[in-house]
Amino acid sequence: MSDLANVYNLLRTKYEDNAFSMRYPPTYIRELTERNDKIVFAFVEHNAPIKKEREMSLSPPKTVDRSMSDDLDLTGSPLKDDVILDELEITEDGVRQLKNWTSEEETLGPLSTESARALFQCFINLDCRVGSGELWALCADNDMDRTVLLQLSVYPADARNDLKFGRGVVRFAGQHPCSSVTMAQLRSVHRQRAAGMTHMPKIYIRQWYNLYPHLSVRLSWHTLHETATFTAESKAQVRISQRLSVNSGEFGKSTCLTGYLVSQLQLLSLLSEKIVDIRANRVSGYELYGLTTTSETLEFVKDKINSILCKFQAVELPCFTFSTIAKMVQQVGERNLTDVMERLYDVLILCLNYDDLKACIDYIFQLSAHANIVNIPSTGTRFAQLIQAMIQDRLDVPTLASSEPYELLLEVGFSKLMHDYQLIFAECGFYELEFETLFHPQLTNARKSRYAADSVGRSDKSFAGPGAGRTGLGLLPQPGEMLGVREKSIPVRHFDEDEVRAKLNRLAQVHLLIEHLLSLEEFVNIPSIYGRACEVYLAQLPLSYSQVYHRESDLLELDVNEGKLISLTKNLLPCSRRVTMSSANVLQKLETVFYQNSQPIFPDRFFPQFKQQEDTTEEQMFWCLEYDKIERL
């Protein structure tokens, strides 16, 4: 990076009349080169409705619907699959389409081809021997070769302190029908430019197919045959990319199938916000938090609580029958709640304000201490432990204060939602969802929130004890911990903001995974890829809940070994193609990339020839580009 910065500073010093930026490559360069390394980019400054800071950009590039990279390790890059709202444009018929360039890139205008060539040649002629990296210039397509990009690769100095240079040029080869582009034609073009070089027989081919507007497949293979065609080989590598519309949480509202899961996520997020507000002495923490327009009276809720705890009820155990993922999601949503705490949670969330919730929890404690409870909750949360201790050990009834009612409810809510998700995956049978494993990497940060339990004084000193330092919501007590219960040391107050946020982020990620699986089942229906999809998607670091909820779309991308996906492309025309050929001699190597796309990849603001035209023929057309790169050996 420092070497490239030296090149950048040298250019800015020597050529002050030109605009330069050290940045991640624009989308059209990434499409052609399949590289994401930073470059120095020469362009002409233009105004646009949206103008962003470019100098020394630190943010990695945003990807479009399909990734050009083979690297599927997204760990540590949670924004890899972001899509910027500005990249979406509304057509005349109201359809939202994804542009192949960003609005920020519409401020990067082209230089004349002569100016770009002169600039690079002057840099080569400099006596300075600093830096290495790639320089690119956007050109105006105003020469005979129709040049749209020039590239200069600067290699580190050798033992004689000599820099080596490589050159690249991208030409616009016109718009042609898909059927008119043949392998023989591309091979002929490459050999003409590689006259006197030995042709390397291996040809690399990649083709993308849009199975559906939100679902694409990339096939990659190489061939050694002189008579090779664009027909995918049976051993081609397959990558599937699916981009689902999130649209600020509307995905959960558009279908009743997962709406109950989304509403639980929203409630947990809201509860955690209220707890933080109360602990920060903000009055907003005590305001109404209901997510629905209907509410029940306090007496109605208390009557339900009494029925759950004090009356024998014949609760039919749920019997799940797996046929599809969609059916399983529906069955889990409609299941009979057999766990006492889950049933209490289902009733307590009917309380629309803090005072009513506190009154209902106090009522539960009173029943537990003075009535004959017949339905004792199983140990799993602090709320359940408190009820058990009051029933079995006659623990004194605690007095709730501050955010404690919300904290007890939040813990049970997490437990219930995790149970819902685990049931879905367990009954479907293609992936074992282990939240302890998923949560573990998120809890290794030693820095705690300023609202962590240990940093807040307890209002009820009677519950301070050996168990007060425990961390982790919903963790089962370890062997011997019940002794702590008999010693009346169950902490009522326990809230770690970082821990809660990490769990909420993971649950949001798990929910998006279910949405992806439902879509794959509906449009592809190849069960053998579901388990792999889960492994790849959950291997990523999750985005924050706020980022997930307010983003436009979410990307799932994975390599699969599944011939059925290849067969789905048999009768489809590719939406884009990339063919790479190479030739070499003892001095240099020439690599030619032939790139074709059914959509233009350059901003039509500066390149009218790339403007999308109304179809005048039923035949699919390709915008064709040729990228030649010469490397000195």
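Before reading further, recall that the structure is shown in the block above.
The structure contained in this document is the topic of the report that follows. Keep in mind that what you see is a predicted model, and the values were worked out from it rather than measured.

1. Quick word on the packing of helix H10 (residues 354-370) against helix H11 (residues 382-392)
- Relative orientation of the contacting elements H10 and H11 amounts to 35 degrees, with a least axis distance of 7 Å. Regarding H10 and H11, the two cross each other, and that crossing is right-handed. Residues Ile 361, Ile 364, Phe 365, Ser 368 and Ala 369 of H10 form the contact with H11, whose participating residues are Phe 383, Leu 386, Ile 387, Met 390 and Ile 391.
- Residue composition of the contact of H10 with H11, grouped by class: 9 nonpolar, 1 polar and no charged.

2. A few points about the packing of aromatic side chains
- Inspection of the entire model under this criterion finds 13 aromatic pairs.
- When the ring of Phe 41 is compared with that of Phe 43, the centres are 6.0 Å apart and the planes differ by 20 degrees; the resulting orientation is stacked. An identical accessibility class is assigned to Phe 41 and Phe 43; each is buried.
- For the ring pair Tyr 354 and Tyr 406, a centre distance of 5.5 Å and an interplane angle of 70 degrees mean the geometry is edge-to-face. Here Tyr 406 lies in helix H12 (residues 404-428) and Tyr 354 lies in helix H10, a separation of 52 residues in the sequence. The two residues Tyr 354 and Tyr 406 agree in class, both being buried.
- Pairwise contacts between aromatic rings join Phe 425, Phe 430, Tyr 431 and Tyr 530 into one cluster.
- Over the ring of Phe 230 we find Arg 577; its NZ or CZ atom is 3.6 Å from the centre of that ring.

3. Examining the nonpolar core
- Counting residues in each nonpolar core, the largest one holds 113 residues, and the members touching the most others are Ile 240, Ile 305, Phe 383 and Tyr 421.
- Counting residues per element, this core draws most heavily on H12, which supplies 13 residues.
- Those residues in contact with Ile 305 that sit more than four places away from it in its chain are Leu 344, Val 347, Leu 348, Cys 360, Tyr 363, Ile 364 and Leu 367.
- Counting residues in each nonpolar core, the second largest holds 27 residues, with Tyr 8, Leu 135, Ala 137 and Leu 150 among its members.

4. Brief notes about unusual backbone geometry
- Even without a glycine there, the phi angle at Arg 146 is positive, about 60 degrees.
- For Arg 146, the position within the fold is in the loop between strand E6 (133-138) and strand E7 (147-155).
- Accessibility expressed as a relative area gives 32% for Arg 146, which makes it partly exposed.

5. Description of the pattern of salt bridges
- Under the counting rule described, the total for this entry stands at 22 salt bridges.
- A salt bridge links Asp 37 to Arg 35, with the nearest nitrogen and oxygen atoms 2.7 Å apart.
- Between Arg 117 and Asp 143 there is a salt bridge whose closest N-O contact spans 3.3 Å. Of this pair, Arg 117 sits in helix H3 (residues 113-125) while Asp 143 sits in the loop between E6 and E7, and the two are 26 residues apart along the sequence.
- Taking the relative accessible area as the measure of exposure, Arg 117 reaches 38% and is therefore partly exposed.
- Residue class for Asp 143 comes out buried when judged on its relative accessible area of 15%.
- If you follow the salt bridges from partner to partner, you end up with Arg 171, Arg 193, Glu 626 and Asp 628 in one network.

About the cut-offs
- Residues numbered from 1 in each chain as written.
- Predicted model: local features only at pLDDT ≥ 70, side-chain atom pairs only at ≥ 80, totals over all residues.
- Heavy atoms only, no water.
- Axes fitted to C-alpha atoms, helices over the stretch in contact; angles between N-to-C directions.
- Helix = DSSP H or I, 4+ residues; strand = E, 2+ residues; numbered from the N terminus.
- Left-handed = near helix turned anticlockwise from the far one by under 90°.
- Contact = heavy atoms within 4.5 Å.
- Nonpolar A, V, L, I, M, F, W, Y, C, P; charged D, E, K, R; others polar.
- Phe/Tyr/Trp six-rings, centres within 6.5 Å; stacked < 30°, edge-to-face > 60°.
- Buried < 20%, exposed > 50% of the residue type's maximum accessible area, 1.4 Å probe, protein only.
- Lys NZ or Arg CZ within 6 Å of the ring centre and 35° of its normal.
- Core = buried A, V, L, I, M, F, W, Y, C linked by side-chain atoms within 4.5 Å.
- Salt bridge = Lys/Arg side-chain N within 4 Å of Asp/Glu carboxyl O.

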